[in-house]
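# Geometric and topological summary
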Amino acid sequence: MKVIKFGGTSVGTPESLQFVKQIIESEKESVIVVVSALSGVTDKLLLAAEFAVKANETYKTTLDEIITQHEIIIEKMITSPTDKDKIVQKIQLLFDDLRNILRGVFLIGDLSQKTSDKIVSYGERFSSLIISKIIFDAKLYDPTLFIKTTKQFAHHIPDIAHSSELIKKTFLEQPMPKIALVPGFISSSKNGDDITNLGRGGSDYTAAIIATALNASSLEIWTDVDGFMTADPKIINSAYVIDELSFTEAIELSNFGAKVIYPPTIFPVYHKNIPIYVKNTFRPEAVGTLIRNEHSDPNDGKIIKGISSINDTALITIQGLGMVGVIGVNKRIFSTLANNGISVFIVSQASSENSTSIGVRSQDAPLAKKVLSHEFEHEIVMGSINQIIVEYDLATIAIVGQNMKHVPGIAGKFFGALGRNGISVVSLAQGAGRTNISCVIAKSDLKKALNVIHDSFFLSPYQELNLFVVGVGTVGSKLLDQIKQQQQTLEEQNKLKINIVGIANSRRALFNREGISLNNYFDNLMTNGIESSPEIIRDEILKMNIFNSVFVDCTASADASKIYEDLMSKNVSVVTANKIAASSDYEEYHQLKEVARKSGVKFLFETNVGAGLPIINTMNSLTNSGDKIVKLEAVLSGTLNFIFNTLSETIPFSEAIKMAVEAQFAEPDPRIDLSGLDVTRKLVILSREAGAHINQSDVKKNLFIAQKYFDGTLNEFWQTIPEMDESFEIRRKALEKECKKLRFVATYDNGACEVGLREVEKGHPFYDLEGSNNIIMMTTERYNEYPMVIKGYGAGANVTAAGVFSDIISIANI
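Cut-offs used in this document
Residues numbered from 1 in each chain as written. Predicted model: local features only at pLDDT ≥ 70, side-chain atom pairs only at ≥ 80, totals over all residues. Heavy atoms only, no water. Helix = DSSP H or I, 4+ residues; strand = E, 2+ residues; numbered from the N terminus. Buried < 20%, exposed > 50% of the residue type's maximum accessible area, 1.4 Å probe, protein only. Contact = heavy atoms within 4.5 Å. Areas by Shrake-Rupley, 256 points an atom, 1.4 Å probe, with all protein chains shown as cover. Pairing = 2+ DSSP bridges. Axes fitted to C-alpha atoms, helices over the stretch in contact; angles between N-to-C directions. Parallel < 35°, antiparallel > 145°, perpendicular 65-115°, else oblique. Nonpolar A, V, L, I, M, F, W, Y, C, P; charged D, E, K, R; others polar.

### Section: the overall build of the protein chain
Scanning the protein chain from terminus to terminus reveals 29 helices and 31 strands. The proportion of buried residues among the 814 residues of the protein chain is 53%. Sequence separation of 24 or more characterises 72% of the internal contacts of the protein chain that already satisfy a separation of 6 or more. Total accessible area on the protein chain stands at roughly 35,800 Å², and carbon and sulfur atoms take up 49% of it.

Quick look at the structure:
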């Protein structure tokens with residue numbers, strides 16, 4: 001024999017009741033079926049009572065809604081005219097009883113607990129009566145005859161021992177039908193005079209008490225979800241069903257907001273080791289979740305089983321030096337709260353005993369503060385205890401798993417993950433059993449925190465990065481194309497999911513925390529985007545408060561670089577192809593690095609020098625391992641290298657510049673490259689990564705074009721630059737005879753920086769540098785006699801975008 005319970009959503013509509021009927025009637029063994037009220041009916045009963053006690057005639061409308069809801073079920077589900085007539089007659093008597101009770105409350109303006117309990121009992125009485133005629137050959141039982149309660153403070157607590165005796169007499173001392181039907185939730189006082197109930201969710205409890213008394217083979221809880229989930233699927237899209245839990249894990253998850261099972265349900269069956277199956281009424285073929293005695297295997301790889309949360313927490317703190325060493329303070333706290341029916345779900349106490357913080361539901365906080373202030377009134381007046389403090393707008397998170405006890409460092413990983421994402425912990429608690437670590441955080445951080453923890457403990461099938469990409473021009477558009485092509489591969493092979501949650505250019509900005517499709521993203525941006533500015537972009541990113549956020553700057557905008565500090569201070573990593581920030585005043589650069597370090601986020605700018613070449617990463621690897629960079633010599637301008645490699649008898653200097661622009665190796669205004677400013681910025685960045693305190697003004701510049709060509713407009717530049725063709729052709733011919741080539745070289749030598757045009761002879765590493773390639777020679781204390789050389793494409797949208805993409809992926813540490 002087994003016990004099966006169906007919740008309100010399972011019995012709430014004619015369609016759902018068809019599933020219930022099929023499930024019950026397909027059972028081969030005898031079953032006791034416990035049913036809840038129809039979905040939403042208990043709330044409507046309480047609302048009708050509230051209207052009635054306030055002399056508000058709206059209670060009649062609410063009652064009519066309840067009656068109509070049940071009449072629809074009868075009409076659609078009971079096809080036999082005879083059965084329909086019988087059920088209508090019986091339920092009409094119950095409708096009349098309820099109407100009379102509410103009418104009485106309305107007239108006298110009083111609603112006692114006894115009357116309220118009787119009113120809410122009608123939900124299960126209605127539903128069970130109807131279902132007894134829907135299920136073939138089902139026999140209806142009255143739970144008030146065998147589920148007994150005693151009064152404890154303001155609550156009805158089941159008398160398990162007495163109830164068990166009565167359940168055995170009811171079901172074992174006479175032939176038991178194949179299908180026994182019991183209304184859940186409803187109970188009666190021990191003497192039988194008053195109807196009571198087991199509290200919200202009490203139908204689960206009814207089923208557990210019956211299963212325990214009769215030593216059932218199993219207890220099945222049928223609901224509208226597939227089972228316990230690793231987290232709330234409404235918040236975490238990647239949450240999945242947990243196949244199996246221990247009783248301890250299940251009760252921990254249930255106590256902290258997992259609304260699959262009413263928490264007290266687990267206790268009775270735990271002692272009899274009766275397994276619980278949580279199943280989906282609407283997907284009976286789904287495996288569901290099995291709950292049974294301790295089973296966790298420390299080698300199954302799952303450190304935690306799930307994450308649960310309570311999103312309406314208030315934290316009450318009792319603090320004062322007068323509490324130190326005083327015996328009985330905590331007893332007074334918890335006795336006072338218990339005497340007033342206030343439940344506490346998290347407790348944190350300083351080891352010095354000078355403060356105790358307790359978590360309660362927000363609705364209970366005002367009463368808790370009032371009664372505790374009264375209890376400690378004398379101490380507060382004397383100053384040994386401070387005024388009671390209440391903090392609202394908080395949430396509680398709990399991670400649960402019996403394997404945590406076998407793995408050191410779980411708490412560190414938990415709080416570290418929160419800290420890296422800028423989530424402050426207000427209070428924390430961990431039991432000695434080490435199956436639950438709980439903390440209180442700001443309610444506004446709840447969604448972000450749940451995603452972070454789910455991601456960090458590999459409860460998600462993949463790690464997620466959420467990108468805000470600013471700049472969709474040459475580099476930005478290539479980056480988005482590369483991400484689009486690689487998204488599925490990264491997700492399948494590397495378990496990395498890249499979400500584009502923001503795209504912006506100088507005119508429009510588009511944000512969507514669920515992700516932006518990269519199909520036709522530009523049209524979407526320009527059609528549906530909001531007004532754009534660096535400040536608007538910054539504010540929207542911070543307002544979204546999304547986990548594992550990365551700001552990707554593919555612009556050359558000074559204004560865009562000004563928001564880096566604000567973003568990193570709020571735990572948003574920055575990946576940038578924009579050289580302005582890393583080459584700005586040294587103090588600004590140093591401040592950005594410090595903010596990134598303190599916030600635990602990344603500030604990556606590999607593509608600032610050498611496009612996709614691994615120059616900065618290599619330098620950092622050398623210096624971090626104790627090496628010292630003594631000298632750098634580099635050709636860092638793909639544009640200038642292309643120009644000097646393109647010069648020939650038939651291609652003059654001015655034409656080579658135009659070709660560089662057309663090939664997108666140069667900016668639309670090539671004077672940025674020709675002025676040496678771009679190379680100067682790159683040299684400053686490399687020098688800083690080598691450990692030097694260098695500003696752009698410290699770099700010695702030996703330029704090859706007169707200032708007058710930079711002073712006018714771009715059109716004037718194109719008109720006058722051919723004046724340089726003859727001198728460059730003379731120089732080219734002379735160098736050709738000497739087997740030399742022109743290279744614009746950046747040099748860092750023991751703290752001194754210089755850029756300028758240099759003639760390099762055949763055999764020099766720079767001589768055979770083709771096209772727009774870059775090259776850097778690093779002389780270090782370790783690589784001294786033979787410098788390290790890095791060489792390759794140093795310009796172009798594709799390789800720059802690939803370098804940015806590589807920085808993004810490195811944040812995930814895959």
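Here the narrative resumes, following the displayed structure.
### What about the sheet that holds strand β22 (residues 530-531)?
Read across the sheet, seven strands follow the order β22-β21-β20-β19-β23-β24-β25 without closing on themselves; strand pairing throughout is mixed. Where the open sheet ends on each side, the last strands, each with one partner, are β22 and β25 (603-604). With four bridges joining them, strand β23 (residues 549-553) and strand β24 (residues 573-576) adopt parallel strand pairing. Residue Val552 lies in a different strand from β24, and its bridge partner there is Val575. Relative to strand β21 (residues 508-511), helix α16 (residues 521-528) is tilted by about 105 degrees, and along the sheet it contacts β20 (496-504), β21 and β22.

### Comments concerning the side chain of Thr607
Tracing the backbone through its elements, the reader meets Thr607 in the loop between β25 and α21 (615-624). Classification of Thr607 as buried rests on a relative accessible area of 5%. Apart from residues lying up to four places away in sequence, Thr607 is in contact with Thr576, Ala577, Thr800, Gly803, Val804 and Asp807.

### Some points on the packing of helix α3 (residues 58-77) against helix α4 (residues 81-108)
Two measures define how a pair of helices packs: the angle their axes make with one another and the distance between the axes. Between α3 and α4, the least distance of the axes is 11 Å, while the angle of their chain directions is 170 degrees. In terms of orientation, α3 lies roughly antiparallel with respect to α4. Residues Tyr59, Leu63, Ile67, His70, Ile74 and Glu75 of α3 pack against Lys84, Ile87, Val88, Ile91, Phe95, Leu98, Arg99, Leu102, Arg103 and Phe106 of α4. Per-class residue counts for the contact of α3 with α4 are 11 nonpolar, one polar and four charged.

### With respect to the environment of Gly419
Secondary-structure assignment places Gly419 in helix α13 (residues 410-420). Residue classification places Gly419 among the partly exposed positions, given a relative accessible area of 37%. The residues touching Gly419, leaving out its near neighbours within four places in the chain, are Asn571 and Ser599.

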